[in-house]
Amino acid sequence: MRTVGIVDYGMCNLDSVARAVEECGGVPVVTDRAKDLDVANRIILPGVGAFPEAMRNIKERSLDQILYEQVIDKRIPLLGICLGMQLLATRGWEGEETAGLGWIDGEIRRLEPSGEDTRIPHVGWNEVQVIRGSPLFRGISSGRDFYFVHSYHFCPRADSDVIASTPYAGGFVSAVQHDLIFGVQFHPEKSQRVGFQVLKNFLTMED
Amino acid sequence: MSTKVRVMPTLLFKNVGLVKGIGFDSWRRVGSAMQAVKVYNMREVDELVFLDITATREGRSPDFDTVDELADECFMPLAVGGGVRTVEDVRRLLQVGADKVVINTAAVEMPELIADVAKRFGSQCVIVSIDARQQAKGTYEACTHSGTVSTGRDPVSLARKAEEMGAGEILITSIERDGTMRGYDLDLTQRVSEAVSVPVIASGGAGSYEDMAQALRVGKASAVAAASIFHFTQQTPLEAKRYLREQGLRVRL
């Protein structure tokens, strides 16, 4: 059984993620404490909200250092969901320029409408086209629908960090991976069976 | 490409059970909320809307415990409304598992709440719900407190204002059409859709799959909410989406 540390930095959406982890066979521990995260063999960084406030909350709780130790030093696999994915970037431009965790080189920019049909925020179900094989998408065919709800998107500097994209607002990166650090713009915990498959893949992949 | 259109069953909660009325009145009991959530979850519906229709009128806060229990079984997006008046209400709803909050009365009485919530939690989790009653032909008036209080405000300008304050979606409900299954108010839906650039959810009046297609096509909505059609007829969200796909709309199947 995997113990999954779900990082609580005061930005909500924790209960859904914890319940989904449970349904996927993991043991969720919702926490902001170093000693709880220290025993986790998976870490999920969830998040709903605005980038600047999220980073402020993370720093106030010293979670940037605590997570650095687990994810970078100890190489515990981490999955960032939605805002949690965006926080992995070097910097964000939501409202004001804010430094992110900087573990995947890139920036967070606002989605720009690409036509009359493009409403922002991007809310609803959309296709995730798998660009490169990743353990996160094992057994999931390209083009399945996942649930999105966001106005900003991750622009990675290196193409090699991109594992999936979604054809909306001119196309945006919907999943990233750098070593054992993963990020998905969609909500696997709200994407029913196919979302659970992503979570199961994350829980069961080799370290 | 556009996003896929959503079909969203709406659950109206009153006291301890689900109800459905006609024209925001004559409420009938339609069973247990938990049962409905489990069924919709199993059927993989696109999104669920859960509204506590008496909270505001009774001056209550949202029922966080009930939402917590329901959200635990809800592995699909869940929007929750009724009695949301403070940033703290929103924080607690998101914490117990809501993905979005629906703000109706408070959006009219204190629009700055929309901005506060959007700033703190992001626009994507704020649905501003506007209940509109038709006046003389072609004009509408927004109502609050589950349709019981007239505001004298035009729903279209309210929708614009809500977007400006940071609403991520607009849920527009026709009070007259609600529960009648005579079709959505296409004119109202279209006017709101054309006035804002955020997604619009059409609500009130769905009686057939074709009504939904019309709200999406003619009304230019991004999603359709419906209750009676799913409570009182054999029609289902899945069949609705199959129909919409046959009509050339993009859906998730």
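This text goes with the structure placed above it.
Calculation notes
- Residues numbered from 1 in each chain as written.
- Chains lettered and ligands numbered in written order.
- Predicted model: local features only at pLDDT ≥ 70, side-chain atom pairs only at ≥ 80, totals over all residues.
- Heavy atoms only, no water.
- Helix = DSSP H or I, 4+ residues; strand = E, 2+ residues; numbered from the N terminus.
- Rg over C-alpha atoms; globule rule 2.2 N^0.38 Å.
- Buried < 20%, exposed > 50% of the residue type's maximum accessible area, 1.4 Å probe, protein only.
- Contact = heavy atoms within 4.5 Å.
- Areas by Shrake-Rupley, 256 points an atom, 1.4 Å probe, with all protein chains shown as cover.
- Lys, Arg positive; Asp, Glu negative; His and termini not counted.
- Charge placed at Lys NZ, Arg CZ, Asp CG, Glu CD.
- Polar contact = N/O pair within 3.5 Å; in protein donor to acceptor, adjacent residues only side chain to side chain.
- Salt bridge = Lys/Arg side-chain N within 4 Å of Asp/Glu carboxyl O.
- Arc of directions from axis to C-beta.
- Pairing = 2+ DSSP bridges.
- Core = buried A, V, L, I, M, F, W, Y, C linked by side-chain atoms within 4.5 Å.
- Buried area = accessible area lost by both parts, 1.4 Å probe.

## Topic: the overall build of chain B
Within chain B, the secondary structure is distributed over 10 helices and 12 strands. Over its C-alpha atoms chain B spans a radius of gyration of 16 Å, differing by no more than 12% from the 18 Å that the globule rule assigns to 253 residues. Referenced to the eigenvectors of the C-alpha coordinate spread, the extents of chain B come out at roughly 45 × 40 × 40 Å.

## Some words on the overall build of chain A
A count of helical and extended segments in chain A gives 6 helices and 13 strands. Its C-alpha radius of gyration of 15 Å places chain A within 12% of the 17 Å reference for a compact globule of 207 residues. Seen through its C-alpha atoms, chain A measures out along the principal axes to roughly 50 × 40 × 30 Å. Burial statistics for chain A: of 207 residues in total, 64% are counted as buried. Taking all contacts inside chain A whose residues are at least 6 apart in sequence as the whole, residues at least 24 apart take part in 72%. Total accessible area computed for chain A in this model is approximately 7,600 Å², and 44% of it derives from carbon and sulfur atoms. Distance between charge centroids for chain A: 4 Å, based on 21 positive and 28 negative side chains.

## Topic: the side chain of Thr105(B)
Residues and elements named next belong to chain B. Mapped onto the elements of the fold, Thr105 is located in helix H4 (residues 105-109). Residue classification places Thr105 among the buried positions, given a relative accessible area of 4%. Reaching out from Thr105, the side chain makes a polar contact with the backbone nitrogen of His145 at a distance of 2.9 Å. Setting aside anything within four residues of it in sequence, one finds Thr105 in contact with Thr56, Arg85, Thr144 and His145.

## Considering the pattern of salt bridges
On inspection of all chains with the given rule, the structure shows 30 salt bridges over all chains. Linking Arg109(A) and Glu107(A) is a salt bridge whose minimum nitrogen-to-oxygen distance equals 3.4 Å. When the shortest N-O distance is used, the salt bridge between Arg191(B) and Asp187(B) registers 3.0 Å. Here Arg191(B) pairs with Asp187(B), and both are found in helix H7 (residues 186-195), just 4 residues apart, close to one helical turn. When its relative accessible area of 35% is taken as the criterion, Asp187(B) is described as partly exposed. Residues joined in a network through salt bridges with shared partners are Arg19(A), Glu22(A), Glu23(A) and Glu73(B).

## Points about unusual backbone geometry
Residue and element names in this part refer to chain A. That bond from Ile120 to Pro121 is cis: its omega, 5 degrees, falls within 30 degrees of zero. The topology assignment puts Pro121 in the loop between strand E7 (106-110) and strand E8 (122-130). Phi at Ala169 is positive, roughly 50 degrees, even though this residue is not glycine. Residue placement: Ala169 occurs in the loop between strand E11 (162-166) and strand E12 (172-178). By relative accessible area, which is 13% here, Ala169 ends up buried.

## Describing helix H3 (residues 87-95) of chain B
Residues and elements named next belong to chain B. Every buried residue of H3 is accounted for by Asp89, Val90, Leu93 and Leu94. Relative to the axis of H3, the buried residues are bounded by an arc of 125 degrees and lie together on one face. Of the residues one or two after H3, Gly97 is the one with positive phi, at around 125 degrees.

## Considerations on the environment of Pro199(B)
Take Pro199(B): it is sitting in the loop between H7 and strand E11 (200-203). With a relative accessible area of 3%, Pro199(B) lands in the buried category. Between the C-alpha atoms of Pro199(B) and Thr3(B), which are 196 residues apart in sequence, the distance is 9.9 Å. In contact with Pro199(B), not counting residues within four places along its chain, are Arg119(A), Ile120(A), Pro121(A), Val123(A), Arg6(B), Gly168(B), Glu169(B), Ile170(B) and Ser222(B).

## Let's talk about the pairing of strand E9 (residues 144-150) of chain A
Residue and element names in this part refer to chain A. Counting buried positions along E9 gives 6 out of 7 residues, so the element sits mostly inside the fold. Relative to E9, E8 is paired through 7 bridges, and the arrangement is antiparallel. Note on E9: the bridge partner recorded for Val128 is Arg144.

## Observations regarding the nonpolar core
The biggest cluster of nonpolar side chains holds 75 residues, and the ones touching the most others in it are Leu48(B), Phe50(B), Val128(B), Ile170(B), Met212(B) and Leu244(B). With sequence-adjacent residues up to four places away left out, Ile170(B) is seen in contact with Val128(B), Ile130(B), Ala159(B), Ala162(B), Val192(B), Val196(B), Val198(B), Pro199(B), Val200(B) and Ile201(B). Listed in part, the 37 residues of the second largest apolar core include Val21(A), Cys24(A), Leu136(A) and Val198(A).

## A look at the interface of chain A and chain B
In this complex, chain A contributes 35 residues to the contact, which on the side of chain B involves 46 residues. Summed over both sides, the interface between chain A and chain B buries roughly 3,300 Å², with carbon and sulfur atoms accounting for 48% of that surface. Inspection of the region where chain A meets chain B yields 7 salt bridges. One salt bridge connects Glu53(A) with Arg120(B), and the closest N-O pair in it is separated by 3.0 Å. Counting the contacts that link chain A with chain B gives 21 residue pairs in polar contact (both at pLDDT 80 or more). At 6 residues, E8(A) tops the list of elements feeding residues into the side of chain A that touches chain B.

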